Amino acid sequence: MPSTLPAHQRLLAIETSTDALSVALGTGEPGAPLWQRNGPGGAQASGTLLPMVRSVLAEAGWSLDTLAAVVFGRGPGSFTGLRTACSVAQGLAYGVQGLGRAGGLPVLPVDTLLALAEEARQARVDAGEPLPGVIVALLDARMGELYVAPYACGSAGPEGLTPLAPPRLCKPADLHGYLRDLAPGERLLAGNVFEMGALTDLVGLRHTALPTAAALLRLAPGLLAAGHAVAAQDALPLYVRDKVAQTTAERETIRLAAEAGT
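Because the structure is a prediction, the values reported are computed rather than measured. (Residues numbered from 1 in each chain as written. Predicted model: local features only at pLDDT ≥ 70, side-chain atom pairs only at ≥ 80, totals over all residues. Heavy atoms only, no water.)

Draft legend 1. A look at the overall build of the protein chain. Scanning the protein chain from N- to C-terminus turns up six helices and 11 strands. Of all 262 residues assigned to the protein chain, the portion counted as buried reaches 47%. Intrachain contacts of the protein chain at a sequence separation of at least 6 include 65% that bridge at least 24 residues. (Helix = DSSP H or I, 4+ residues; strand = E, 2+ residues; numbered from the N terminus. Buried < 20%, exposed > 50% of the residue type's maximum accessible area, 1.4 Å probe, protein only. Contact = heavy atoms within 4.5 Å.)

The structure is reproduced here in structure tokens:
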């Protein structure tokens, strides 16, 4: 059944930073209607994302030009996935210019580690479990490394997640020392990295989770109110790792330089 929620509250969220793809449509407010789709990400994301967007819009009975903003997970995460999410968000935002929305739709980039922390926070709330003082978001960065960001969890809502440090790249063996001062005491470790052997002795409750479009949607109202939306042309991915993708020529140059220095 088509929804009659006011246009100024209508939000579309897309998340493709991992091997899972998700799309969510709604207002992000507690108890509000939510339309969502989930599927495999990675190399398939570019081919399935737009059909998912069209599907949720049709189910809700909304048109693209009635949205208030497009929300996307900006990273860190899969290099290809981040580029896909950003380019699709920009394309959707620009696409409404011919429908009477001069300048297109605002775009809201959201840190994927914040969305991961929110997914873990909501899972605790749904299970009736107490919230920890700190949620540490951990995402597999491949190449034996991980992305990490700690968040103070000060209230029951997503607006209670406060960054304690920006997202960064970290080796598993260095994680204990990094968190010792930033996130002492009770903490929840959330993410997809717990099969890494170097993390077996890391102190904290563990919750397997990934960032989702539904989590982005819950975060969006507070971030929009705080003025974090940008024009489509200013929306950029957050890679964290330098030179995530190197051309064959770049890799050969690096190899030759390394050999020359030995």
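Having seen the model, we can carry on.
Draft legend 2. A look at the side chain of Glu15. Among the structural elements, Glu15 can be located in strand E1 (residues 11–15). Within polar-contact distance, the side chain of Glu15 engages the side chain of Ser17 at 2.3 Å. Contacts of Glu15, omitting those with residues within four sequence positions, involve Ala20, Leu21, Ser22, Gly73, Thr112, Pro211, Thr212, Ala213 and Leu216. (Polar contact = N/O pair within 3.5 Å; in protein donor to acceptor, adjacent residues only side chain to side chain.)

Draft legend 3. Inspection of the sheet that holds strand E3 (residues 34–40) at higher detail. Judged by pairing direction, the sheet is mixed, and its five strands sit side by side in the order E3-E2-E1-E4-E5 without closing on themselves. Strands with a single pairing partner mark the edges of an open sheet, and in this sheet they are E3 and strand E5 (107–111). Adjacent strand axes in the sheet meet at a mean angle of 15°, parallel and antiparallel pairs treated alike. For E1 and strand E2 (residues 20–26), the ladder comprises five bridges, and the chain directions are antiparallel. Counterpart to Ile14 in the pairing with E2 is Val23. Packing against the sheet, helix H2 (residues 79–95) makes contact with E1, strand E4 (69–75) and E5, and its axis sits at approximately 165° to E4. (Pairing = 2+ DSSP bridges. Axes fitted to C-alpha atoms, helices over the stretch in contact; angles between N-to-C directions.)

Draft legend 4. Representation of the pairing of E2 in the model. With six of seven residues buried, E2 lies mostly within the body of the structure. Sheet analysis places E2 next to E3, joined by seven bridges and oriented antiparallel. When the sheet's bridge partners are listed, Ala24 is paired in E3 with Gln36.

Draft legend 5. Fine view of the environment of Gly41. Tracing the backbone shows Gly41 in the loop between E3 and helix H1 (45–60). Remark: the alpha-carbon pair of Gly41 and Asp19, spanning 22 residues in sequence, is separated by 4.5 Å. In contact with Gly41, not counting residues within four places along its chain, are Thr18, Asp19, Ala20 and Leu21.

Draft legend 6. Molecular detail of the nonpolar core. Val71, Val110, Leu113, Leu114, Ile135, Tyr151 and Leu161 are the most contacted members of the largest nonpolar core, which totals 32 residues. If you list the elements that add at least two residues to this core, you get E1, E4, E5, helix H3 (112–126), strand E6 (134–142), strand E7 (145–153), strand E10 (187–191) and helix H5 (213–225). With seven residues, the single largest contributor to this core is H5. Contact partners of Leu114, with chain neighbours within four places excluded, come to Tyr151, Leu161, Leu219 and Leu223. Leu21, Leu57, Val88 and Ala89 belong to the second largest nonpolar core, which has 28 residues in total. (Core = buried A, V, L, I, M, F, W, Y, C linked by side-chain atoms within 4.5 Å.)

Draft legend 7. Local environment of the pattern of salt bridges. Summed over all chains, the structure comprises 10 salt bridges. Here Glu118 and Arg218 are joined by a salt bridge, their closest N and O atoms 2.5 Å apart. Here Glu118 is found in helix H3, whereas its partner Arg218 is found in helix H5, with 100 residues between them in sequence. For Asp140, the salt bridge is made with Arg142, and the minimal N-O distance between the two is 3.9 Å. (Salt bridge = Lys/Arg side-chain N within 4 Å of Asp/Glu carboxyl O.)

Draft legend 8. Examining the side chain of Glu145 more closely. Looking at the secondary structure, you find Glu145 in strand E7. Separated by 2.6 Å, the side chains of Glu145 and Arg241 make a polar contact. Contact partners of Glu145, with chain neighbours within four places excluded, come to Asp140, Leu169, Cys170, Lys171, Pro172, Met196 and Arg241.

Draft legend 9. Fine view of the packing of aromatic side chains. Under the criterion given, the structure shown has two aromatic pairs. Measuring from ring centre to ring centre gives 5.3 Å for Trp35 and Trp62, while their planes differ by 70°; the resulting arrangement is edge-to-face. Residue Trp35 is found in strand E3, and its partner Trp62 is found in the loop between H1 and E4; the two are separated by 27 residues along the sequence. Under the relative-accessibility criterion, Trp35 is labelled buried at 10%. On the basis of relative accessible area, Trp62 is assigned to the buried category, the value being 5%. Geometrically, the ring pair formed by Phe79 and Tyr239 is tilted, given 4.7 Å between the ring centres and 40° between the ring planes. A residue pair is termed long-range when its members are at least 10 positions apart, and Phe79 in helix H2 and Tyr239 in the loop between H5 and helix H6 (248–261) qualify at 160 residues. One Lys or Arg, Arg168, reaches over the ring of Tyr178 and ends 4.6 Å from the middle of that ring. (Phe/Tyr/Trp six-rings, centres within 6.5 Å; stacked < 30°, edge-to-face > 60°. Lys NZ or Arg CZ within 6 Å of the ring centre and 35° of its normal.)

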